[in-house]
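Observations on chain architecture
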Amino acid sequence: MFDAILQEIQNFDTIILHRHSRPDGDALGSQVGLKHLILENFPSKTVYTVGDEAGFYGFMADTLMDEIPDSAYQGALAMILDCGGQHLVSDDRWKLAARTIRLDHHLYTGCFTDLEAIDSSFESCCGLITLMAKTADWKLNKMAAQSLYTGMVTDSGRFRYDSTTARTFALAAWLMEAGFDTNAIYRDLYADDFENKARKAQFLLKTRFTPNRVAWIYTTEAELESLNMSTFAVSRGMVNTMADIRGTDIWVNFTEADGGVLCELRSAGPNINPIAVKYGGGGHAKASGAKVADRETAMAMLADLDKLTGESR
């Protein structure tokens, strides 16, 4: 699966790493981890990471993105990581590159680069990259290892999700041999201030339920402005305030922003991805997202999720 990709990495002197917008730990871990793997094993190469800001995951080392001109793409290899759809790529200048590659673990929705390695059985894109590095017998340094480990941890729900397998733990163990501080990673992931905990309590109290116990929260644009929080902090950051409610298998967080409604879908059972795809989004079987035009469409999605829950019981 990796031979052609490894050959292309060797062929190019300049490599530019992209990932999806509004990055999570896996997207950033993939970028930073692969960057430092390449530099460790091919010191003469130039490697850039590009995209929007790291947001909550700015605590991760080396997540300040590079600012590069269009000319940097001339004769370069662009690699897109942890991104299930072309429209989700942060910084669409990857199309200017001489050659393009995608490494991803989202459910497959079609090819849009020259070479692709897609395997949705992986808990994370970081896990896929780790296997590639191990298969290639690449040298592993501490920066690459801790970045990839952080992505594996976050996208597996701290090793709780169904996608976590014996392979996950074997690859995580290989990364840990680099000797980074796992406690420091978990401190940053779990750290929260009192104000944010209070906000989470407020969001939890906003939770409503459909007839089949789909939990949902809806935040209007006016409410978002009054909260003094980023769109990401509300949309992605608050969705799991509804997790682990007994009797609730699916939960969804709706947030009005940028002329539409951001939809973060989560599941403890049924496959919610087809519904996300139906509304122009995508992701995983139990964690997906989409952006819809208006509240009416968001409520249509909610009705579909309620129906799915009823049919799965």
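Owing to the predicted nature of the structure, the values given are computational and were not obtained by experimental measurement.

Rules used in this analysis
- Residues numbered from 1 in each chain as written.
- Predicted model: local features only at pLDDT ≥ 70, side-chain atom pairs only at ≥ 80, totals over all residues.
- Heavy atoms only, no water.
- Pairing = 2+ DSSP bridges.
- Helix = DSSP H or I, 4+ residues; strand = E, 2+ residues; numbered from the N terminus.
- Axes fitted to C-alpha atoms, helices over the stretch in contact; angles between N-to-C directions.
- Contact = heavy atoms within 4.5 Å.
- Salt bridge = Lys/Arg side-chain N within 4 Å of Asp/Glu carboxyl O.
- Buried < 20%, exposed > 50% of the residue type's maximum accessible area, 1.4 Å probe, protein only.

**Comments concerning the sheet that holds strand 4 (residues 99–104)**
Taken in spatial order, the five strands make up an open sheet running 2-1-3-4-5, and their pairing is parallel. For this open sheet the edge positions go to strand 2 (46–49) and strand 5 (115–118), each flanked by a neighbour on one side alone. For this sheet, the mean angle separating the axes of adjacent strands, direction not counted, is 15°. Here four bridges tie strand 4 to strand 5, and the two strands are oriented parallel to one another. By the bridge assignment for strand 5, Asp104 is matched with Ile118. Its contacts with the sheet put helix 3 (residues 125–135) on strand 3 (77–81), strand 4 and strand 5, and the angle it makes with strand 4 is roughly 115°.

**Notes on the pattern of salt bridges**
Scanning the entire structure with this criterion turns up 17 salt bridges. Between Arg160 and Asp244 there is a salt bridge whose closest N-O contact spans 3.4 Å. Within this pair, whereas Arg160 is found in the loop between helix 4 (142–155) and helix 5 (166–176), its partner Asp244 is found in the loop between helix 9 (231–238) and strand 8 (250–257), the two being separated by 84 residues in sequence. A residue is classified by how much of its surface remains accessible, and Asp244, at 62% relative accessible area, is exposed. Lys200 is the salt-bridge partner of Asp192, the closest N and O atoms lying 3.0 Å from each other. Within the structure, one salt-bridge network assembled from shared partners comprises Asp24, Arg236, Glu264 and Arg266.

Note that all results are geometric; they support no functional claim without further evidence.
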